[in-house]
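Below are the chains, spelled out letter by letter.
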Amino acid sequence: MSAVLTTPPTVALQESPGLWTLAWRRLRQDTIGMVSLVIVAFFLAMMLASYTGLIAKDWAKEKGVSYANPSFLAGAENLEAKAMAAKEAAKAPPVDLSDIDPLAPRYKEWEERAAKIAVTEVKRAETLPLGGDKWGRDVLKKVIKGSEVSIFVGLAGALIATFIGTVLGAMAGYWGGKINDFLEWFYNIFTSIPYILLILAFAAVAQATGSFGKGIVSIIVILSLTGWTGIYRLIRAEYIKHANREYVKAAQAIGASHGSRMFVHILPNVSHVSLVQLSAHVVGFIKAEVILSFLGFGVPVDMVSWGTMLAEAQNELVIGKWWQLAAAGASMAVLVTAFSLLTDALRDALDPKLK
């Protein structure tokens, strides 16, 4: 009787999911987080479509009468539009100066020439989807075009602030010593001044001296230079925890450089903190841009943002025209709320304790 040796069956090795895979799985199970993600993605798509000219390209065109009513208030009376129409109709006819004007014989010839090149004025609409402003511009298109500025400023400012805070926090937490002392002193200077006052001070200086240029660039620079402190504090604490762990010492033992240990080995393990802070700072920077534009420190007059719309709307409320305020305020509230809920969902999904 001979024994038969059989080869044991091979078991397929399953690779354990990484941090980001587990985070995505947890995020998909969060209904509120996924709904917030869809809303944020919708606003980002709207911003890109506006930037490329696919929508709201003619936002500055005067399509309606002054303070055109929204479509759902089509039957409401528009006293301002009636007053302007009456004023146009009451204009006195031109006075005949043929007896005393030596150029009178040429008037008829000039009128005939002008009639050949005259542009027919398009009749303005009495109502628009979300109403019109003082000049008859569509409020809905202004909201879409305003999202381009407000969202872009929030995203760009948050990305730069996150980069600054992450790099400085990594240097302070990893190196310690005099570098940490200097950066802590620098951090304490910034945090000793109230945040909104610091923003307004930078904005006033930039506007008076033209240090950062004008328009969107200056707002992004101001927000980036004032918003890195919170990210710096959290990243510094994470680097202090990770700098002496076994995997960092193993990287040192195999000859990895300081830069490699800081940004190749430690950074991926603390990147979830930067991502959550990035999302939170987008919310704060969108609100900060709205405040700056509302106070006159934001975008120039030839551009539109949610802040400039709110600044216009404060005067319109006196005469009962509330739809521009409602449109800009509701859009900002929906986006900010969705971003805040998405930030909470990301924080829960990326929490290493839940792995």
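Residues numbered from 1 in each chain as written. Predicted model: local features only at pLDDT ≥ 70, side-chain atom pairs only at ≥ 80, totals over all residues. Heavy atoms only, no water.

Notes on the overall build of the chain
Argument step 1. A tally of regular secondary structure across the chain gives 13 helices and 2 strands.
Argument step 2. Burial status across the chain gives 40% buried among its 355 residues.
Argument step 3. The contacts of the chain with a sequence gap of at least 6 include a subset with a gap of at least 24, amounting to 76%.
Argument step 4. When the accessible surface of the chain is summed, it comes to about 21,000 Å², and 65% of that surface belongs to carbon and sulfur atoms. (Helix = DSSP H or I, 4+ residues; strand = E, 2+ residues; numbered from the N terminus. Buried < 20%, exposed > 50% of the residue type's maximum accessible area, 1.4 Å probe, protein only. Contact = heavy atoms within 4.5 Å. Areas by Shrake-Rupley, 256 points an atom, 1.4 Å probe, with all protein chains shown as cover.)

Some details on the packing of helix α6 (residues 177-191) against helix α9 (residues 229-242)
Argument step 1. Closest axis-to-axis distance for the α6/α9 pair is 10 Å, and the angle between their directions is 145°. Remark: the crossing between α6 and α9 carries left-handed chirality. Contacts between α6 and α9 involve Asn 180, Leu 183, Glu 184, Tyr 187, Phe 190 and Thr 191 from the first element and Thr 229, Tyr 232, Arg 233 and Arg 236 from the second.
Argument step 2. Grouping the amino acids of the contact of α6 with α9 by side-chain chemistry returns 4 nonpolar, 3 polar and 3 charged. (Axes fitted to C-alpha atoms, helices over the stretch in contact; angles between N-to-C directions. Left-handed = near helix turned anticlockwise from the far one by under 90°. Nonpolar A, V, L, I, M, F, W, Y, C, P; charged D, E, K, R; others polar.)

Describing the side chain of His 281
Argument step 1. With respect to the helices, strands and loops of the structure, His 281 is situated in helix α11 (residues 258-295).
Argument step 2. Using a relative accessible area of 14% as the deciding quantity, one classes His 281 as buried.
Argument step 3. Discounting chain neighbours no more than four positions away, the residues touching His 281 are Ala 158, Gly 227 and Ile 231.

Observations regarding the packing of aromatic side chains
Argument step 1. Under the definition given, this model contains 12 aromatic pairs.
Argument step 2. When the ring of Phe 42 is compared with that of Phe 43, the centres are 5.8 Å apart and the planes differ by 80°; the resulting orientation is edge-to-face.
Argument step 3. When its relative accessible area of 52% is taken as the criterion, Phe 42 is described as exposed.
Argument step 4. On the numbers, 5.9 Å between centres and 35° between planes, the contact of Phe 182 with Trp 185 is tilted. Here Phe 182 and its partner Trp 185 are both found in helix α6, 3 residues apart, which amounts to about one turn of the helix. (Phe/Tyr/Trp six-rings, centres within 6.5 Å; stacked < 30°, edge-to-face > 60°.)

Structural notes on the pattern of salt bridges
Argument step 1. For the coordinates displayed, the defined rule picks out 9 salt bridges.
Argument step 2. For the salt bridge of Lys 141 with Asp 58, the shortest nitrogen-to-oxygen distance reads 3.0 Å. On the criterion of sequence distance, the pair formed by Lys 141 in helix α5 (residues 139-175) and Asp 58 in the loop between α2 (31-51) and β1 (64-70) is long-range, its members being 83 residues apart.
Argument step 3. Given the relative accessible area of 28%, Asp 58 is considered partly exposed.
Argument step 4. Glu 312 is the salt-bridge partner of Lys 142, the closest N and O atoms lying 2.8 Å from each other. Of the two residues, Lys 142 is situated in helix α5 and Glu 312 in helix α12 (residues 306-316); the sequence distance between them amounts to 170 residues.
Argument step 5. Through salt bridges with shared partners, a single ionic network connects Asp 133, Arg 137, Lys 142 and Glu 312. (Salt bridge = Lys/Arg side-chain N within 4 Å of Asp/Glu carboxyl O.)

Quick notes on the nonpolar core
Argument step 1. Ranked by internal contacts, the top residues of the largest apolar core, which has 53 residues, are Val 153, Leu 223, Trp 306, Met 309 and Leu 335.
Argument step 2. At the level of secondary structure, the elements contributing two or more residues to this core comprise α1 (19-28), α2, α5, α7 (195-209), α8 (216-226), α11, α12 and α13 (323-349).
Argument step 3. Ranked by the residues each element gives to this core, the list is headed by α13, at 12 residues.
Argument step 4. Other than its neighbours up to four places away in sequence, Leu 223 contacts Val 153, Tyr 195, Ile 199, Phe 285 and Ala 288.
Argument step 5. Listed in part, the 10 residues of the second largest apolar core include Tyr 174, Ile 231, Ile 235 and Val 248. (Core = buried A, V, L, I, M, F, W, Y, C linked by side-chain atoms within 4.5 Å.)

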